[in-house]
Amino acid sequence: MRTADVPADPYQTRMPRFNSESPKPPHRHKLFMRYIVTGGAGFIGSNLADTLAQNHDVVIIDNLATGRRENIEHLLDHPRVNFIEGSITDLDLLMDTFPGADGIFHQAAIPSVPRSVKDPLASNEANVTGTVSVLVAAKDCGVPAVVAASSSSVYGDTPVLPKHEGMIPNPLSPYAVTKFADECYGKVFSDLYGIRTVFLRYFNVFGPRQDPKSEYAAVIPKFVTRLLAGQPPIIYGDGEQTRDFTFVADVVQANIKAMESDARGVFNIAGGRRISLNQLASILMEITGTRCDPIYEAPRAGDIRDSLADITRAREAFGYDPQYPVEEGLRQAVAWFRERA
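Residues numbered from 1 in each chain as written. Predicted model: local features only at pLDDT ≥ 70, side-chain atom pairs only at ≥ 80, totals over all residues. Heavy atoms only, no water.

A. Expanded view of the overall build of the protein chain. In terms of regular secondary structure, the protein chain is built from ten helices and 13 strands. For the protein chain, whose C-alpha radius of gyration is 19 Å, the value lies close to the compact-globule estimate of 20 Å for 341 residues. With the C-alpha coordinates of the protein chain rotated into their principal frame, the extents come out at 65 × 45 × 35 Å. Here the protein chain, with 341 residues, has 55% of them falling under the buried criterion. Put simply, 80% of the contacts in the protein chain that link residues at least 6 apart link residues at least 24 apart. Accessible surface for the protein chain amounts to roughly 14,400 Å². Of this, 51% is attributable to carbon and sulfur atoms. A gap of 2 Å separates the mean positions of the 35 positive and 41 negative side-chain charges of the protein chain. (Helix = DSSP H or I, 4+ residues; strand = E, 2+ residues; numbered from the N terminus. Rg over C-alpha atoms; globule rule 2.2 N^0.38 Å. Buried < 20%, exposed > 50% of the residue type's maximum accessible area, 1.4 Å probe, protein only. Contact = heavy atoms within 4.5 Å. Areas by Shrake-Rupley, 256 points an atom, 1.4 Å probe, with all protein chains shown as cover. Lys, Arg positive; Asp, Glu negative; His and termini not counted. Charge placed at Lys NZ, Arg CZ, Asp CG, Glu CD.)

Below, the structure is given as structure tokens:
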């Protein structure tokens, strides 16, 4: 099913008519494409760059503020990979890099709700100003498509489950506001300038290369590293809050399929199943072989209670089909963290 056949909602971008001055869709008969991956040294971006480099030319842009060089060390000598250390807020850099690109995978961001609560200006600069800079450079350089990372946090704490793209966003944190603003900019740039934009609302992505050391690390790497060290996991709240966890390989699949399709607009990307944090801790204890009672602390500001995605639109628009049940993804993540413990 093409995107035009998917039920419409107020936030789904309409299909603009291309003219002689509009960027053209990439020619998919080309054997090799040239893709830009912003944030390509980060957790998701580096996994995406790995897969793309198997068949395409890849330019990674990352200022290493939250990304890590070690994530792409193995790619630095790859004949089809070029790494540029720089910021997406540097429009001159983007204007020098984007010409000739067949598409932009925009993953760069400060990806943390707690960090955005602590420093909303920094999150806005990276996530909103950076995204607008990427869109402006794509427009001016004639790049036909931008596939960008959004977040399930835009839904907020609305009680309706599963979350679907037709729901009115209700962001509860500065981070969520930045992601919703990015989606709005994407729609406007698509409508006004003919760039095909796709924003993927990620639901709790996890897997290899996720940073466990940051103060703002996500729940799974924090749980895993503590359990591997023989320490109890720390749960904020009662542990009955639920999440729809998504293995990073499925997110990579979603990005590439979205780029290779004619899809436009906003799409949920998730595993399509929710588990509680108490269940998560129990599964990880079984995988790691560590048994201990979790430590419960006060809930954190900006966190939502429950999350579950309806992934019908992504499945119908570009064939998204999650392949990794959460237990299998957790086994792979634990194995990766264990090797580095």
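B. Just the packing of aromatic side chains, in detail. This structure, assessed with the given rule, holds eight aromatic pairs. Ring pairs connect the aromatic residues Phe 206, Phe 245, Phe 247 and Tyr 324, which therefore count as one cluster. The ring of Tyr 193 is capped by Lys 139, whose NZ or CZ atom sits 4.9 Å from the centre of that ring. Here the guanidinium or amino end of Arg 201 rests over the ring plane of Tyr 155, the centre of that ring lying 4.8 Å away. (Phe/Tyr/Trp six-rings, centres within 6.5 Å; stacked < 30°, edge-to-face > 60°. Lys NZ or Arg CZ within 6 Å of the ring centre and 35° of its normal.)

C. Structural view of the nonpolar core. Counting 46 residues, the largest nonpolar core has Leu 200, Ile 269 and Phe 318 as the members making the most contacts within it. The dominant element in this core, judged by the number of residues it contributes, is helix H7 (residues 248-260), at seven residues. Among all residues touching Ile 269, those that are not within four sequence positions of it are Leu 200, Arg 201, Tyr 202, Phe 203, Thr 246, Val 251, Ala 254, Ala 314, Phe 318 and Tyr 320. (Core = buried A, V, L, I, M, F, W, Y, C linked by side-chain atoms within 4.5 Å.)

D. Fine view of the packing of helix H4 (residues 120-141) against helix H5 (residues 174-193). With their axes 9 Å apart at the nearest point, H4 and H5 run at an angle of 15° to one another. Taken together, H4 and H5 sit at an angle that is classed as roughly parallel. In this structure, the crossing between H4 and H5 has a hand that is right-handed. Judged by residue contacts, Pro 120, Ser 123, Asn 124, Asn 127, Val 128, Thr 131, Val 132, Leu 135, Val 136 and Lys 139 of H4 engage Pro 174, Tyr 175, Thr 178, Ala 181, Asp 182, Tyr 185, Gly 186, Phe 189 and Tyr 193 from H5. Classifying every residue of the contact of H4 with H5 gives eleven nonpolar, six polar and two charged. (Axes fitted to C-alpha atoms, helices over the stretch in contact; angles between N-to-C directions. Parallel < 35°, antiparallel > 145°, perpendicular 65-115°, else oblique. Left-handed = near helix turned anticlockwise from the far one by under 90°. Nonpolar A, V, L, I, M, F, W, Y, C, P; charged D, E, K, R; others polar.)

E. Highlighting the side chain of Asn 255. Following the sequence through the fold, Asn 255 ends up in helix H7. Side chain to side chain, Asn 255 and Gln 107 meet in a polar contact 3.1 Å long. (Polar contact = N/O pair within 3.5 Å; in protein donor to acceptor, adjacent residues only side chain to side chain.)

F. Focus on the side chain of Ser 151. Positionally, Ser 151 belongs in strand E5 (residues 145-151). Overall, Ser 151 belongs to the buried group, its relative accessible area being 7%. In this structure the side chain of Ser 151 is engaged in a polar contact, spanning 2.8 Å, whose partner is the side chain of Ser 153.

G. Broad picture of the sheet that holds strand E2 (residues 57-62). With respect to topology, seven strands assemble into an open sheet ordered E3-E2-E1-E4-E5-E6-E11, the strand pairing being parallel. Taken across any chain shown, the strands that pair with only one partner, and hence form the sheet edges, are strand E3 (81-85) and strand E11 (265-269). Pairs of neighbouring strands in the sheet enclose a mean axial angle of 20°, with direction left out of account. Note that strand E1 (residues 34-38) and strand E4 (residues 103-106) share four bridges and pair parallel. Bridge pairing in E4 links Thr 38 to His 106. (Pairing = 2+ DSSP bridges.)

H. Geometry of the environment of Val 147. Take Val 147: it is sitting in strand E5. Spatially, the C-alpha atom of Val 147 lies 9.8 Å from that of Ala 263, the residues being 116 residues apart in sequence. With residues near it in sequence (within four places) discarded, Val 147 still touches Ile 104, Phe 105, His 106, Gln 107, Val 198, Leu 200, Asn 255, Ala 258 and Met 259.

Remember, this is a structural readout, not a statement about activity or role.
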